[in-house]
Amino acid sequence: MWCQRLAGLLRGQRGSTGRRWPWLPRDPGPVPAAPARCLPTAPASPRCAWQLHQDHLELRYGSTLMRLDFVWLRDHCRSASCYNAKTNQRSLDTASVDLAIRPQAVRLDETTLFLTWPDGHVTRYGLEWLVRNSYEGQKQQVMHPRILWNAEIYRQAQVPSVDCRSFLETDEGLKEFLQNFLLYGIAFVENVTPTKEDTEILAERISIIRETIYGRMWYFTSDFSRGDTAYTKLALDRHTDTTYFQEPCGIQVFHCLKHEGTGGRTLLVDGFHAAEQVLRRAPEHFELLAKVPLKHEYVESVGGCHNHMIGVGPVLNVYPWNNELYLIRYNNYDRAVINTVPHDVVRRWYHAHRALTAELRRPDNELWVKLKPGKALFVDNWRVLHGREAFTGYRQLCGCYLTRDDVLNTARLLGLQA
């Protein structure tokens, strides 16, 4: 189902559903609350009512109870003098708003809230807009709809690869590819000429290529040319890349140009699916993995390459208002000394990390793919972990990292939610 949401991560026990507040409580401050008012509405309209407090407006619309600060209400005015609707940029200087401002008059009809300010300026808010953009409304929404998967779910979905020519030459092919990528965190392009130059053209269709210490486009062989474990023939456990960057690379492209030997299958695991299982079974583990910062580092001194990079962040990165996961930073190879966790927390962190690792290593979560010349793979490095089995013979891959914002912007221009 193309519109399945990340419901498990949104309904965590902490920070996701909010408190059940009594309807229209009295403000504890010295200013007595005005009586609740509700204008008659059409039978099909959501129930609405409001109450004025000392520093905020309490508004119920349908099932959503919102608390809207007066400064916030004035600052977000969408009138022509305060906001440019063509560019979505604000014109009002936030610093000019009186922090003690209160509306002189409040009026509510079936669809709109009207506020009159002391200088006579009138602010109008659609009630649906307020539900979408209030803190309470945001807690009920998903920023990035996704389909969480294990190997069986992904196979049953029969997600199609996109032909290279369609991908490069048509909006329809590009949109299909991006929809697959956004929902599953992986997507394939078939019939790509197996050269680094053609892979580069493919990548540039959706993004600027991010240049890193590995270069712009890199060749990947077992020649031990870098200090990284990946430049060997050994098996690699599941991991995300560049955890030692302050901002890990967003998208990774792999294209196998040649393999004369055996083994070398690519392993893919949906990290968000594994994290959801941890959240359901042990929410305290999920919470700890989302809170405790760790250091990851990469040190190399091979030939002319001298690098020492350190990235800091928790294993799980979530939006705090709705507990939605947006980035997993998991790489046991590159994790540095754990010296950012106090003694009374470190053992609990190890238990939490073990729970996540167990989920990531469940055989039914492992999707194994044999990359062949002509089939390019795009991986969401903020979500999907990759690895490989050991191999023999000569194996050459090329690839690159892409800037995440460019990929998401391309998707939005095609009308996709990203």
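Above this text is the structure in question.
Owing to the predicted nature of the structure, the values given are computational and were not obtained by experimental measurement. (Residues numbered from 1 in each chain as written. Predicted model: local features only at pLDDT ≥ 70, side-chain atom pairs only at ≥ 80, totals over all residues. Heavy atoms only, no water.)

With respect to the overall build of the protein
- The number of helices and strands found in the protein is 12 helices and 23 strands.
- Counting over 418 residues, the protein shows a buried share of 52%.
- Contacts in the protein between residues at least 24 apart in sequence constitute 73% of all its contacts with a sequence separation of at least 6.
- Just so you have it, the protein exposes about 20400 Å², and 51% of that area is on carbon and sulfur atoms. (Helix = DSSP H or I, 4+ residues; strand = E, 2+ residues; numbered from the N terminus. Buried < 20%, exposed > 50% of the residue type's maximum accessible area, 1.4 Å probe, protein only. Contact = heavy atoms within 4.5 Å. Areas by Shrake-Rupley, 256 points an atom, 1.4 Å probe, with all protein chains shown as cover.)

Re the nonpolar core
- One finds F177, L178, I206, F378 and L402 to be the most contacted residues of the largest nonpolar core, which totals 28 residues.
- For this core, the secondary-structure elements that each account for two or more residues are α6 (164-169), α7 (171-184), β10 (186-190), α8 (196-204), β14 (251-260), β21 (376-380), β23 (394-402) and α12 (404-413).
- Broken down by element, the residue count for this core peaks at 5 residues, all from α7.
- Sequence-distant contacts of I206, defined by excluding residues within four places in its chain, comprise F167, L174, F177, L178, F378, L402, D406, V407 and T410.
- Formed by 27 residues, the second largest nonpolar core is a distinct cluster that contains L267, A275, L288 and I338. (Core = buried A, V, L, I, M, F, W, Y, C linked by side-chain atoms within 4.5 Å.)

Re the environment of Y350
- Along the chain, Y350 turns up in helix α11 (residues 343-360).
- By relative accessible area, Y350 is classed as partly exposed at 41%.
- The spacing of Y350 and L288 is 62 residues in sequence and 9.9 Å in space, taken between C-alpha atoms.

Looking at the pattern of salt bridges
- Counted under the stated rule, the structure contains 17 salt bridges.
- Taking the shortest distance from any N to any O, the salt bridge between R280 and E276 comes out at 3.1 Å. One end of the pair, R280, and the other, E276, are both in helix α9 (residues 271-281), 4 residues apart, so they sit about a helical turn from each other.
- Of the charged contacts, one joins E359 and R362 as a salt bridge, the two residues approaching to 3.8 Å between their closest N and O atoms. (Salt bridge = Lys/Arg side-chain N within 4 Å of Asp/Glu carboxyl O.)

Notes on the pairing of strand β6 (residues 105-108)
- Every second residue of β6 is oriented toward a common face, the buried set being V106 and L108 and the non-buried set A105 and R107.
- Note: β6 against strand β7 (residues 112-116), 4 bridges, orientation antiparallel. Bridge pairing in β7 links L108 to L113.
- Taking the residues that link successive antiparallel strands as the turn, the β6-β7 hairpin has 3 residues. (Pairing = 2+ DSSP bridges.)

Some words on the environment of L325
- Along the polypeptide, L325 turns up in strand β19 (residues 324-328).
- Of the residues examined, L325 reaches a relative accessible area of 0% and is grouped as buried.
- Here the alpha-carbon distance between L325 and W382, two residues 57 residues apart in the chain, equals 9.8 Å.

Things to note about the packing of aromatic side chains
- In the structure shown here, the tally under the stated rule is 18 aromatic pairs.
- Ring-pair connections join several aromatic residues into one group, and the members of that group are F167, F177, F181 and F378.
- Residue placement shows R107 over the ring face of F114; its charged tip is 4.0 Å from the ring centre. (Phe/Tyr/Trp six-rings, centres within 6.5 Å; stacked < 30°, edge-to-face > 60°. Lys NZ or Arg CZ within 6 Å of the ring centre and 35° of its normal.)

Things to note about the pairing of strand β1 (residues 48-52)
- Counting buried residues in β1 gives 5 out of 5 residues, a clear majority hidden from the surface.
- Along β1, one buried face is formed by C48, W50 and L52 and the opposite face, lined by A49 and Q51, is buried too.
- Hairpin remark: β1 followed by strand β2 (residues 56-61), antiparallel, with 3 residues in the connecting loop.

A word on α7
- Here α7 is 14 residues long and its end C-alpha atoms lie 20 Å apart, about the 20 Å a rise of 1.5 Å per residue gives.
- Considered for burial, the residues of α7 that qualify are G173, L174, F177, L178, N180, F181, L182, L183 and Y184.
- Backbone geometry just after α7 places G185 at a positive phi near 80°. (Expected span 1.5 Å × (residues − 1).)

Observations concerning the sheet that holds strand β13 (residues 236-239)
- With antiparallel pairing, the 4 strands of this open sheet are ordered in space as β13-β22-β15-β20. Both edges of this open sheet fall to β13 and β20 (367-369), since each of them pairs with a single strand only. The mean angle between the axes of side-by-side strands here comes to 20°, regardless of whether they run parallel or antiparallel.
- Where strand β15 (residues 266-270) and strand β22 (residues 384-388) come together, 5 bridges link them in antiparallel fashion. Of the residues in β22, the one forming a bridge with D270 is V384. (Axes fitted to C-alpha atoms, helices over the stretch in contact; angles between N-to-C directions.)

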